[in-house]
Amino acid sequence: MEAPWRLSYSFTSSAPSNTSPMSADMDDAFVQAPEHRPKMPLIQATDVPVIDISPMLMLPPGNMDALVSELSVASREWGIFMVVGHGIPEGTVTRALEAGHAFFALPAEKKAVMRRTEAAPAVGYFDEEHLQNIRDWKEVFDFFPHEPPPVGEVDDNLVFKNKWPEEDDLPGFRDALEEYANAMEELAFMLLELIARSLNLRPDQFHGFFGDQTTIMRINRYPPCPRPDLALGNGRHKDSGALTILYQDDVGGLDIRRRSDGEWLRVKPVHGSFVVNIGDLIQVWTNDKYESVEHRVSLNSEKVRFSIPYFLNPSINTIIEPLQETVSAEDPPKYNSYSWGEFFSTRRKAGFKKHVVQINTETAQFRKQSTDCVE
């Protein structure tokens with residue numbers, strides 16, 4: 001389906017949108033503590049693994065052993081890699097990206113109708129996310145590719161129902177995003193299979209966790225920032241779900257923290273690729289054999305940046321703990337079990353506004369006390 005706005009929007013424009021909620025004068029709420037402010041120029045992370053997964057698409061499959069080995073090394077040493085040869089049509093990505101541009105160009109009153117609320121903090125439009133209790137310089141639109149069932153005893157007040165713009169306002173918007181989300185789901189389950197194979201587990205070992213999944217897809221818009229040396233588009237964090245699959249445009253801004261020395265590195269966009277982050281759930285399930293990566297988003301003063309992350313999350317009633325197959329007498333469980341539903345509810349609400357008392361939304365809180373803490 002051809003998007004009707006295809007010819008009316010320039011992707012290369014670096015001018016701030018007139019509908020941006022961010023003013024030229026930066027509020028103190030955006031200012032990071034001195035130790036967390038980005039220092040420029042950043043070192044380019046030129047050796048982030050780029051993995052060609054096209055053997056997964058061949059009939060019969062290609063050299064799976066080499067592919068599994070590559071993914072194992074990338075997951076163990078980096079916690080992040082880029083995939084190419086994924087088979088996702090460029091048009092699917094283009095339509096989703098154009099849908100995002102069109103959405104954020106809507107008048108403020110139209111976006112306000114879909115604004116996230118404290119009762120529904122997981123879906124809709126938002127421009128006041130407080131990661132690490134500091135406001136992020138961005139605006140977002142979130143939706144569930146599969147609306148989860150009611151959470152019941154986890155939180156009776158949490159609403160899991162998507163907020164879509166009127167079709168008359170954005171014809172084809174929902175179709176474009178759902179097409180993209182379906183492609184991401186197929187890719188996500190291929191990656192889960194590769195991760196399972198790399199650990200000598202059944203290829204479908206992880207699949208059962210995602211029946212009534214709480215997966216979220218997001219469109220991020222990062223406007224030009226007058227003081228990119230003080231603010232961040234996304235504060236430093238690790239992703240709490242299983243996997244994050246990210247499309248980023250060619251503006252760049254994704255930074256990762258190198259484990260060896262704590263230095264921040266810029267992940268250079270690779271055309272036609274998706275960035276894959278190992279999330280905290282994979283870290284827990286594998287008992288630290290694979291670790292999630294700390295990352296953030298830096299800003300610039302000239303160009304709008306767009307990205308589309310797909311956060312693969314399990315069913316609301318999933319109990320998270322190291323898999324039996326990943327522990328032994330020599331390598332006992334490093335984490336206490338916890339409820340994904342309770343954790344997910346707390347984390348979503350914590351990002352809704354600044355809190356006087358910091359709420360713990362880090363998976364590291366479940367690490368057993370007898371081991372070193374996750375950074």
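Reading the values: the criteria
- Residues numbered from 1 in each chain as written.
- Predicted model: local features only at pLDDT ≥ 70, side-chain atom pairs only at ≥ 80, totals over all residues.
- Heavy atoms only, no water.
- Helix = DSSP H or I, 4+ residues; strand = E, 2+ residues; numbered from the N terminus.
- Buried < 20%, exposed > 50% of the residue type's maximum accessible area, 1.4 Å probe, protein only.
- Contact = heavy atoms within 4.5 Å.
- Areas by Shrake-Rupley, 256 points an atom, 1.4 Å probe, with all protein chains shown as cover.
- pLDDT = per-residue confidence, 0-100.
- Pairing = 2+ DSSP bridges.
- Axes fitted to C-alpha atoms, helices over the stretch in contact; angles between N-to-C directions.
- Patch = residues over 30% accessible without salt bridge, like charges linked within 9 Å, V, L, I, M, F, W, Y side chains within 5 Å.
- Salt bridge = Lys/Arg side-chain N within 4 Å of Asp/Glu carboxyl O.
- Lys, Arg positive; Asp, Glu negative; His and termini not counted.
- Charge placed at Lys NZ, Arg CZ, Asp CG, Glu CD.
- Expected span 1.5 Å × (residues − 1).
- Parallel < 35°, antiparallel > 145°, perpendicular 65-115°, else oblique.
- Nonpolar A, V, L, I, M, F, W, Y, C, P; charged D, E, K, R; others polar.

In this section: the overall build of the protein. Counting its secondary structure elements, the protein contains six helices and 17 strands. The buried share of the protein, reckoned over its 375 residues, is 56%. For the protein, the share of sequence-separated contacts (at least 6 apart) that also reach a separation of at least 24 residues comes to 79%. Here the protein has roughly 16800 Å² of accessible surface; of this, 50% comes from carbon and sulfur atoms.

With that settled, consider the confidence of the model for the protein. On average, residues of the protein score 87 in pLDDT, and 86% of them are at 70 or above. Overall, residues 355-359 carries pLDDT values under 50, and its contacts beyond four positions in sequence, including any with other chains, amount to seven contacts. Of the regions scoring below 50 in pLDDT, residues 371-375 engages in nine contacts with residues more than four places distant in sequence or in other chains.

We now examine the sheet that holds strand β4 (residues 124-126). The mixed open sheet is built from eight strands, whose spatial order is β2-β3-β13-β10-β15-β8-β7-β4. Only two strands of the sheet have a single neighbouring strand rather than two, namely β2 (50-52) and β4. The sheet shows a mean angle of 25° between the axes of neighbouring strands, taken without regard to direction. Bridge analysis of strand β8 (residues 216-222) against strand β15 (residues 305-312) gives five bridges, and the strand direction is antiparallel. Paired with Y222 across the two strands is R305, which belongs to β15. Across the sheet, helix α1 (residues 64-77) touches β2, β3 (80-84) and β13 (274-278), and the angle it forms with β2 is around 160°.

A cis amide bond links M40 to the next residue, P41, at an omega of -5°. For P41, the location among the structural elements is in the segment before β1 (43-44). P60 follows L59 through a cis peptide bond whose omega is -5°. Mapped onto the elements of the fold, P60 is located in the loop between β2 and α1. One non-glycine residue, D288, adopts positive backbone phi at about 75°. With respect to the helices and strands, the residue D288 is situated in the loop between α5 (280-285) and β14 (295-297).

Let's shift gears to a negative patch on the surface. A surface patch of negative charge is lined by E166, E167, D168 and D175. In this structure, D175 sits in helix α4 (residues 173-198). Residue D175 is classed as partly exposed on the basis of its relative accessible area, which comes to 42%.

So, about α4. Between its first and last C-alpha atoms α4 spans 38 Å; for 26 residues at 1.5 Å apiece the expected length is 38 Å, and the two agree. The positive-phi residue at the C-terminal boundary of α4 is N200, with phi of around 60°.

Let's shift gears to the environment of K39. Mapped onto the fold, K39 is located in the segment before β1. Of the residues examined, K39 reaches a relative accessible area of 57% and is grouped as exposed. Separated by 190 residues in the primary sequence, K39 and D229 place their C-alpha atoms 7.0 Å from one another.

Here we come to the pattern of salt bridges. When the charged atoms of two side chains lie near each other, side chains of opposite charge can form a pair. Considering all chains together, one arrives at 24 salt bridges under this definition. A salt bridge links R218 to E129; its shortest N-O distance comes to 3.1 Å. Of this pair, R218 sits in strand β8 while E129 sits in the loop between β4 and β5 (130-131), and the two are 89 residues apart along the sequence. We classify R218 as buried; its relative accessible area is 5%. Two residues, D136 and K138, come together in a salt bridge whose shortest N-O distance is 3.5 Å. In terms of burial, D136 and K138 fall into one category: buried. When salt bridges that share partners are traced, they join R116, E129, D136, K138, D142 and R218 into one network.

Ordered in space as β1-β12-β11-β14-β9, the five strands form an open sheet in which the pairing is mixed. A single partner strand is all that each edge strand has here, and the edge strands are β1 and β9 (234-237). As paired strands, strand β11 (residues 254-257) and β14 are joined by three bridges and run antiparallel to one another. Residue I256 lies in a different strand from β14, and its bridge partner there is H295.

This next bit is on the packing of α1 against α4. In contact at an axis separation of 9 Å, α1 and α4 are set at 90° when each is read in the N-to-C sense. The orientation of α1 with respect to α4, classified from their angle, is roughly perpendicular. Packed against α1, whose contacting residues are M64, L67, V68, L71 and S72, the element α4 presents L191, L194, I195, R197 and S198 at the interface. Looking at the contact of α1 with α4, its residues break down into seven nonpolar, two polar and one charged.

We now examine the pairing of β3. For β3, the buried fraction is high: four of the five residues fall into the buried class. Summarising the sheet, β2 and β3 pair through three bridges and their orientation is parallel. The residue of β3 that forms the bridge with I51 is V83. Inspection of the sheet shows β3 paired to β13 by four bridges, in the antiparallel sense. In the sheet register, V83 faces β13, and the bridge partner there is F274.

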